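Listed below are the residues making up each chain.
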Amino acid sequence: MDAVTNLCGISARPRSVFALAAGLLLAALSSGAPLAAQQPKYEELPLDTRLDDERSTLHREIKTLVAKIHRGDTPLEPDAGKFDAWYTRYLFPKMTQISNLAEIPTLRQRFLQSDLERSSSQAAHDRLVRLTLTNMQAVAQGNYHPAARHNAMLIIGELNGREAIRVGNAQPPLPYVDAVNVMLEELESETQIDAVRVAALIGLLRHVELDRMRPSDQRMPEAGRVRFLERMLAIASAPPPAGRSPEGHAWMQRRAVQIIGELGSPGAENAAVVALRKLAADNAQPLDLRTQAAESLGKIIYPTLPAETGAQMASELALVLHASCKAELDRLMREKKEEEEYKKRLALLGGGGNVKSERDGFRGLPGSGSQNEGTNPEKLLQWANVRAAGDRRSG
C-alpha cells in the first residue's frame, strides 16, 4: 500500500483520508489495458542541475534567500526573480521527474507547510500562490506522468488566499478562490485523465467544507454554487464512462454526493433532493454510495418540506439504515465463520484450536475476549449499528 500511496502523491494534510483513497483508486479507474500498452513517453519540467545539487553554493544561497523572504527578514523585491527560480527551476520540476516519483508526497507536504503555511510575508505568500496555480495547472494539463499530474491538482486544491490562524483569534484558512475555476474546468474537460479528476474532487470538497464554516454573508456566491451543484449532480447521476471501472466511478460519485451535501442547497426544483433520494433508494448501487446519499440528504437546507414528503423520506432512509446494519452484521458473521474454520484446521495440525491472532474478536468487536459475547446476535446487531453509523460519518 505504501508504494502505491507514494507513487500517487498522497499527502498527510487535511485531505489525507481522501487522498489515500484516491491513490488506491487510480488503478481501479483504469480498464485493465495490457501493461505493454501503458508505457508512453512522459515529459519532465527542466530541472536546473545547479540548484538540484544541495552541496553547491548556488543551492545554499538561493535556499537561504527564499527562507529569509518568507520570514520577512528580506524584502521580496528586488530578488523576486531568484525567488521564482527556486520554485520554477528547482522545486516544481523535481515533482515531475520520473526518477523522483516516490518523493512527491514529501515534497508536496514540505512545500505546502514550510513555504506557504508558515510564510510570514504576505507579499511572498501571495506571489507564490499565483505562481503555483499557473505552474501546477500546466502540469495537470500536460503530458507528464499521471502521478505528477495528480499531485499538481492536489496542490491546487490546497492553495489558500489566507492561511489558517492558529494563535489568538484562531480561524480556518480561506481557500484560494481562483483555484475553484481551475478545478472545475479540469473536472469537466473531456480530455483530462481520471487521476486529475479525482484530485480535483478532493480539492473541491475541501473548498465547500471550509465555505460551510464561514458566515452566511461571506460564503460562495450563488452563481458559483449553482455551477458546483450542476456538475456534482452530473457526476452523481451518470453511469461509468468507457475505460473507468465501476468501483472507481462509485468512489467519484461518493465524493460528488458528499459535495452536494456540503453545499446544502436543494437545487432548482429540488434537483439535488430528487437525485439523492434516487441514489439512496437504489438497491443496485453500492451500499456506501447509498449511505453517503442518505447522509447528504440530512445536510440539505429545506426552505419548505411538506409533512408527507418528510415522512416518506424518513421511511426511505430507514431502509438504507437497515441495509447498512444488515451488511455489517453479515460481514461480522462471515468473519466469525472464517475464524471457526481456521481454528478447526489449526486443531487438525495439532494446535488445539487455541488461536491468538489479529483476526480474533472480529477485528474490533467490543468485548471479544468472551466467546459468548462475540456470538450473541443482539450484541452483534448493536455493534453493527454503531459501526454502520461510524462508516457513514467517515465516508
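Residues numbered from 1 in each chain as written. Predicted model: local features only at pLDDT ≥ 70, side-chain atom pairs only at ≥ 80, totals over all residues. Heavy atoms only, no water.

Draft legend 1. Layout of helix α10 (residues 194-212). A rise of 1.5 Å per residue sets the reference length of α10, with its 19 residues, at 27 Å; its end C-alpha atoms lie 27 Å apart and thus fit the reference within 8%. Within α10, 17 of the 19 residues are buried, which leaves the element mostly enclosed by the surrounding structure. (Helix = DSSP H or I, 4+ residues; strand = E, 2+ residues; numbered from the N terminus. Expected span 1.5 Å × (residues − 1). Buried < 20%, exposed > 50% of the residue type's maximum accessible area, 1.4 Å probe, protein only.)

Draft legend 2. Looking closely at the nonpolar core. Core analysis: the largest hydrophobic core is formed by 78 residues, its most contacted members being Y87, F111, L204, M232, I259 and I260. Setting aside residues no more than four positions away along its own chain, F111 makes contact with Y87, L91, F92, M95, L116, L128, T132 and I155. (Core = buried A, V, L, I, M, F, W, Y, C linked by side-chain atoms within 4.5 Å. Contact = heavy atoms within 4.5 Å.)

Draft legend 3. How the structure looks around helix α12 (residues 246-263). In this model α12 runs 26 Å from its N-terminal to its C-terminal C-alpha over 18 residues, within 8% of the 26 Å that 1.5 Å per residue would give. Extensive coverage of α12 is indicated by the burial of 16 of its 18 residues. Among the residues trailing α12, G264 stands out with phi positive, at a value near 75°.

Draft legend 4. A look at the confidence of the model for the chain. When pLDDT is averaged along the chain, the result is 81, and 77% of the positions lie at 70 or above. Scored below 50 in pLDDT, residues 1-18 shows 47 contacts in the model against residues more than four places distant or in partner chains. Note that pLDDT drops below 50 for residues 353-375; the model gives that stretch 34 contacts with residues more than four away or on any other chain. (pLDDT = per-residue confidence, 0-100.)

Draft legend 5. The arrangement of the packing of aromatic side chains in detail. Counting across every chain of the model gives five aromatic pairs. Consider the rings of Y87 and F92, whose centres lie 5.9 Å apart with planes at 40°: the pair is tilted. Summarising the burial analysis for this pair, Y87 and F92 share the class buried. Counting every residue linked through ring pairs, the aromatic cluster contains F83, Y87, F92 and F111. Cation over ring: R255 sits above W251, and NZ or CZ is 5.0 Å from the ring centre. (Phe/Tyr/Trp six-rings, centres within 6.5 Å; stacked < 30°, edge-to-face > 60°. Lys NZ or Arg CZ within 6 Å of the ring centre and 35° of its normal.)

Draft legend 6. Summary view of the side chain of E262. Of note, E262 is situated in helix α12. Of the residues examined, E262 reaches a relative accessible area of 7% and is grouped as buried.

Draft legend 7. Looking closely at unusual backbone geometry. With an omega of 10°, the peptide bond between E77 and P78 qualifies as cis. With respect to the helices, strands and loops of the structure, P78 is situated in the loop between α4 (57-71) and α5 (80-94). Of note in the backbone geometry, E269 takes a positive phi value of approximately 55° without being a glycine. Mapped onto the fold, E269 is located in the loop between α12 and α13 (271-281). Classification of E269 by relative accessible area gives exposed; the value is 79%. In the Ramachandran plot, N270 falls in the positive-phi region, its phi being about 55° despite a non-glycine side chain. Within the secondary structure layout, N270 lies in the loop between α12 and α13.

Draft legend 8. The environment of L128, seen in detail. The residue L128 is located in helix α7 (residues 122-141) in this model. For the pair L128 and L116, spaced twelve residues apart in sequence, the C-alpha to C-alpha distance is 7.7 Å. Aside from chain neighbours lying at most four places away, what touches L128 is H70, F83, Y87, F111, D115 and L116.

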